[in-house]
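Fold and contact review
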Amino acid sequence: MRKKIVAGNWKMNNDLAETQELLSNLKMQLVKKPEAEVMVAPPFTNLHEAFKSLKDTPVIVAAQNMHQNENGAFTGEVSAKMLKSIGVETVILGHSERRAHFHETNEILAEKVNAALNNEVKVIFCFGEELKDRQSEKHFDVVAKQLKESLYHIADASWENIILAYEPVWAIGTGETASPEQAQEMHAFIRKNISEAFNENIAQEVSILYGGSVKPANASEIFAKEDVDGGLIGGASLKAVDFLEIVNAF
Ligand code: PGA
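Okay, so let's go over this structure.

1. With respect to the site of the ligand
The local shell around the ligand holds 13 residues, among which Lys11, His95, Glu167, Gly173 and Ser213 are the closest. Ser213 is positioned such that a nitrogen or oxygen atom in its backbone is 2.7 Å from an oxygen atom of the ligand. In terms of residue class, the shell around the ligand is made up of four nonpolar, seven polar and two charged.

This is the structure we're talking about:
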């Protein structure tokens, strides 16, 4: 059975004191063990604090990005090996903000995926179409290309270290959510696409999260869809009470 996962992407938010407050609220309000696997992804500077604070909880601490090279003259960057050495076992790759503001292409993302997998770091691989793609009915093609060019070179066995996050760009931070039907339609397409490129077993086992303006008010109806296995949550993950309501929305 594939895993249900809810991951909070904290993006570039919260200094140390604010992070400590969010972490302590999370811990305080995490009264029962959630059915879903729960992850939070703080900025690099707050990873250590998150590990310290969440060590006796089931919450997994993930990173938001990494560089594709192992080391070298890449000022300002952090490698998979470095993340792994401080205990990070999961990294978000391919977020649309990384693609848009930092020019991460499908090819660069393929290298990042390889670097993560080579270091035994699991990948939450993000992808999704822009508004113009959906308006011109190219959304399935765009998603198929993103998957093919960044992910479909991996070995069958590597799929157990991949979590997919379908995030239509037009729904991220906009308050505009894909309808549960739109999410289901795309998630079913993705599973079929993986089944054709690999096999049905891999397609059925991979968790596919939806991301884009998920909130307590809409999480249950999105998560109720057959092919939606959870969510990648931005804005609403910055308030412990909202995030946990989403975590418990299955
Ligand atoms: P949002 O962000 O929930 O604020 O729309 C989702 C994401 O960027 O992962």
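2. A few points about the sheet that holds strand E1 (residues 5-9)
Pairing is parallel in the open sheet, where eight strands are placed in the order E3-E2-E1-E8-E7-E6-E5-E4. Each having just a single partner strand, strand E3 (60-61) and strand E4 (90-93) make up the two edges of the open sheet. As defined by bridge partners, strand E7 (residues 208-211) adjoins strand E8 (residues 230-233) across two bridges and the pair is classed as parallel. In the strand pairing of E8, Tyr210 is matched with Gly231.

3. Observations regarding the pairing of E7
The alternating pattern of E7 places Ile208 and Tyr210 and Leu209 and Gly211 on opposite faces, both of which are buried. Judged from the three bridges that link them, strand E6 (residues 162-166) and E7 form a sheet pairing that is parallel. Paired with Leu164 across the strands is Ile208, a residue of E7. Once you follow E7 into helix H10 (residues 216-223) and on to E8, the crossover reads as right-handed.

4. Observations regarding the packing of aromatic side chains
Taken as a whole and assessed by the stated rule, the structure comprises eight aromatic pairs. Centroid distance Phe127 to Tyr166: 6.2 Å. Interplanar angle 45°. Geometry classified as tilted. Residue Phe127 is located in strand E5 (residues 122-127), and its partner Tyr166 is located in strand E6; the two are separated by 39 residues in the primary sequence. When sorted by exposure, Phe127 lands in the same class as Tyr166, which is buried. Consider the rings of Trp159 and Phe198, whose centres lie 5.2 Å apart with planes at 75°: the pair is edge-to-face. Of this pair, Trp159 sits in the loop between helix H7 (139-151) and E6 while Phe198 sits in the loop between helix H8 (180-197) and helix H9 (200-205); the two residues are 39 residues apart in sequence, bridging distant segments of the chain. Across this residue pair, the class does not change: Trp159 and Phe198 are buried.

5. Quick notes on the nonpolar core
Judged by nonpolar contacts, the single largest core of 65 residues is most densely connected at Trp159, Leu164, Ile190 and Ile194. With residues up to four places along the chain from it excluded, the contact list for Ile190 reads Phe127, Val143, Leu147, Leu164, Tyr166 and Ile208.

6. As for unusual backbone geometry
Positive phi is not limited to glycine here, since Lys11 has a value of about 50°. The topology assignment puts Lys11 in the loop between E1 and helix H1 (16-29). One non-glycine residue, Asn14, adopts positive backbone phi at about 80°.

7. Re the side chain of Gln146
Tracing the backbone through its elements, the reader meets Gln146 in helix H7. Gln146 sits in the buried class, given a relative accessible area of 8%. Among the polar contacts listed, one links the side chain of Gln146 to the backbone nitrogen of Gly128, at a separation of 2.9 Å. If we skip the residues at most four places from it in the chain, Gln146 touches Arg99, Asn106, Phe125, Phe127, Gly128 and Leu151.

Rules and cut-offs
Residues numbered from 1 in each chain as written. Predicted model: local features only at pLDDT ≥ 70, side-chain atom pairs only at ≥ 80, totals over all residues. Heavy atoms only, no water. Near = heavy atom within 4 Å. Polar contact = N/O pair within 3.5 Å; in protein donor to acceptor, adjacent residues only side chain to side chain. Nonpolar A, V, L, I, M, F, W, Y, C, P; charged D, E, K, R; others polar. Pairing = 2+ DSSP bridges. Helix = DSSP H or I, 4+ residues; strand = E, 2+ residues; numbered from the N terminus. Buried < 20%, exposed > 50% of the residue type's maximum accessible area, 1.4 Å probe, protein only. Right-handed = clockwise from strand over helix to strand, strands pointing away. Phe/Tyr/Trp six-rings, centres within 6.5 Å; stacked < 30°, edge-to-face > 60°. Core = buried A, V, L, I, M, F, W, Y, C linked by side-chain atoms within 4.5 Å. Contact = heavy atoms within 4.5 Å.

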